[in-house]
Amino acid sequence: HAKGGLPWVFAVLLGLGLGFLYPAQRNVFSVLVPGGMEGRVLGIYNFFGASLSWMPSLLFGATYQGTGSMRLGMALVCVFHAIACVGLVVCVDVQKGSEVSRRTRSKRR
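Residues numbered from 1 in each chain as written. Predicted model: local features only at pLDDT ≥ 70, side-chain atom pairs only at ≥ 80, totals over all residues. Heavy atoms only, no water.

**Focus on the overall build of the chain**
Next, step 1: Assigned secondary structure in the chain consists of 5 helices and 0 strands.
Next, step 2: Secondary structure elements of the chain, listed N to C terminal, follow the sequence α-α-α-α-α.
Next, step 3: For a compact globule of 109 residues, the expected C-alpha radius of gyration is about 13 Å, and the chain comes in at 18 Å, more than 25% above that figure.
Next, step 4: For the chain, the C-alpha atoms occupy an extent of roughly 55 × 30 × 25 Å along the three principal directions.
Next, step 5: In the chain, buried positions account for 10% of the 109 residues.
Next, step 6: For the chain, the proportion of contacts with a sequence separation of at least 24, taken over those separated by at least 6, is 52%. (Helix = DSSP H or I, 4+ residues; strand = E, 2+ residues; numbered from the N terminus. Rg over C-alpha atoms; globule rule 2.2 N^0.38 Å. Buried < 20%, exposed > 50% of the residue type's maximum accessible area, 1.4 Å probe, protein only. Contact = heavy atoms within 4.5 Å.)

Structural data, given as structure tokens:
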């Protein structure tokens, strides 16, 4: 049992962060997808989202099972998400994608 209000502060900050994350993902998605390709890209996005959503939980569980340390498991999950963020920053040119999307907007339905 944790004493004090620190867990509540963390929970509120986490909720605010995740509450911002999902609409931001959809917004970036709508800005980057070329016109006429919305269905295909959304299908790929949903496929990989569903296919890989179990990986952080598996990583945490395997680490905890192998080491007995929840802290190490959480640290590895954080590393997993950090690698994904770095991959997005390095591999996705938002400016170029936005320009391509802007030129093909007339093909949107």
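So much for the structure itself; the text now carries on.
**Describing the environment of Gly4**
Next, step 1: Its place among the elements puts Gly4 in the segment before α1 (6-32).
Next, step 2: A C-alpha to C-alpha distance of 29 Å links Gly4 and Thr63, two positions 59 residues apart in sequence.

**Quick notes on the side chain of Thr104**
Next, step 1: Looking at the secondary structure, you find Thr104 in the segment after α5 (94-103).
Next, step 2: With a relative accessible area of 17%, Thr104 lands in the buried category.
Next, step 3: Those residues in contact with Thr104 that lie beyond four places of it in its chain are Pro34 and Gly35.

**Looking at the confidence of the model for the chain**
Next, step 1: Mean pLDDT over the chain works out to 85, with 97% of the residues at or above the 70 mark.
Next, step 2: Across the chain, helix α3 (residues 55-67) holds the top mean pLDDT of 91, while α1 sits lowest at 82. (pLDDT = per-residue confidence, 0-100.)

**Section: the pattern of salt bridges**
Next, step 1: Scanning all chains against the criterion turns up 1 salt bridge.
Next, step 2: We note a salt bridge from Arg102 to Glu99, for which the minimum N-O separation is 2.8 Å. With Arg102 and Glu99 both in helix α5, this residue pair falls 3 residues apart, about one helical turn.
Next, step 3: Exposure remark for Arg102: the relative accessible area of 45% places this residue in the partly exposed category. (Salt bridge = Lys/Arg side-chain N within 4 Å of Asp/Glu carboxyl O.)

**Some remarks on the side chain of Ser101**
Next, step 1: With respect to the helices, strands and loops of the structure, Ser101 is situated in helix α5.
Next, step 2: Taking relative accessible area as the criterion, Ser101 reaches 0% and is therefore assigned buried.
Next, step 3: Beyond its immediate chain neighbours, meaning those up to four positions away, Ser101 contacts Ser30, Val31, Leu32, Val33, Pro34 and Arg108.

**Here's the deal with the packing of aromatic side chains**
Next, step 1: Summed over the entire model, instances satisfying the criterion amount to 3 aromatic pairs.
Next, step 2: With a centroid separation of 5.1 Å and an interplanar angle of 80 degrees, the aromatic rings of Phe47 and Phe48 are classed as edge-to-face.
Next, step 3: You can call Phe48 partly exposed: its relative accessible area is 46%. (Phe/Tyr/Trp six-rings, centres within 6.5 Å; stacked < 30°, edge-to-face > 60°.)

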